[in-house]
Amino acid sequence: MEKQKELSVILDTDIGPDCDDAGALAILNVLEDMGEAKILGVTHCTSSIYGAGCIDAINRFYNHGHIPIGILKTEGFLVGEEYEKYNRYVTENFDNAYKDNNAPDAVCLFRKLLSRAEDGSVTVIGIGPLINLANLLDSSPDEFSPLSGDELVELKVKALVVMAGRFVADNNGQLLSEWNVLMDIPSAQRVFHDWKSPIIFSPWEVGDPIITGRTLMHGTSENNPVKKSYELYTNGQGRMSWDLITVIYAIRGGCKLWELSENGKVTVDKEGVTWFKPSNDGMHYYIKNLAPVHEIEEYIDILLVKTSI
């Protein structure tokens, strides 16, 4: 049986405001080691000066220090102690190449990586606000490609898999906005309304009941920056698995744990609420939990424990 070709991936993360980004990056590194993914690059989508260092420290833990990293150059977007509960500590206390935050611009890195890729070959995974992805769409021709950002995405991207949105109403029958969308509504509107490839949404209600990460506290090494991230953020109590599920689905698909909705079109209103309308020609889908909660938790935690080296 022919070995499945690894999936080329660019990850866009806001690592810092929540520790599930650290767990998601850990699992992506594990899947690269297993030959299922090829991480072309990782971009950071807040203005925190500790994002690149935290990303690189986790990558280096898996001996993947070669992975290029790009950062948001806009100042003042999601900075301060509230959004740096672990990424500052990881940057300052674990080996990484970005203690002085000298990473390149995220959009430049995106354009460089996409221009070198085969047409229709790159899966983009978004696990943060959509500012970098909107900036990519808005980007102009440069030394890497004569194409606009919209054209480059349409030519090179196979799919966008994104942790965003809420498609199940609350107990009062109301649809609520989801954090990644709410933090930058115009960027979410730009991406979800204009992105020219299939988009798979991993919504809030899928990851919310799935608590993982407690296994990191027992039997994993103290030099593990992912363990430290969860320890600092949750005091070892585990965390919802929004971003981890997004990464796993992007690489492995449903795994008999999740199922995909019918196709349709997602729109974002001025309050940041995401609306899904079924459509035969729509290229948007969203994930739904299929297996019991404990089965999904166990599956994810097995991958997280592989961070023990």
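Refer to the preceding data block for the structure.
We now turn to the structure provided with this report. Every value quoted in this text rests on a predicted model; they were computed, and no experiment measured them.

Rules behind the numbers
Residues numbered from 1 in each chain as written. Predicted model: local features only at pLDDT ≥ 70, side-chain atom pairs only at ≥ 80, totals over all residues. Heavy atoms only, no water. Disulfide = S-S within 2.5 Å. Helix = DSSP H or I, 4+ residues; strand = E, 2+ residues; numbered from the N terminus. Contact = heavy atoms within 4.5 Å. Pairing = 2+ DSSP bridges.

## A word on the state of the cysteines
All told, the structure shown has zero disulfides when counted by the stated rule. Free cysteine C19: the closest other cysteine sulfur is in C54, separated by 11 Å. With no disulfide of its own, C45 has C54 as its nearest cysteine by sulfur position, at a separation of 13 Å.

## A word on the environment of Y83
Structurally, Y83 is set in the loop between β3 (69-71) and α3 (87-93). Put simply, Y83 and D18 are 65 residues apart on the chain and 7.6 Å apart in space, counted from C-alpha to C-alpha. Excluding residues within four positions of it along the chain, Y83 makes contact with G16, P17, L78 and W179.

## Some points on the pairing of strand β11 (residues 274-278)
As judged from the five bridges shared by strand β10 (residues 264-268) and β11, these two strands associate in the antiparallel manner. Residue G264 lies in a different strand from β11, and its bridge partner there is P278. Counting the residues that bridge the hairpin from β10 to β11 gives five residues, and of these G272 lies at a positive phi of roughly 85°.

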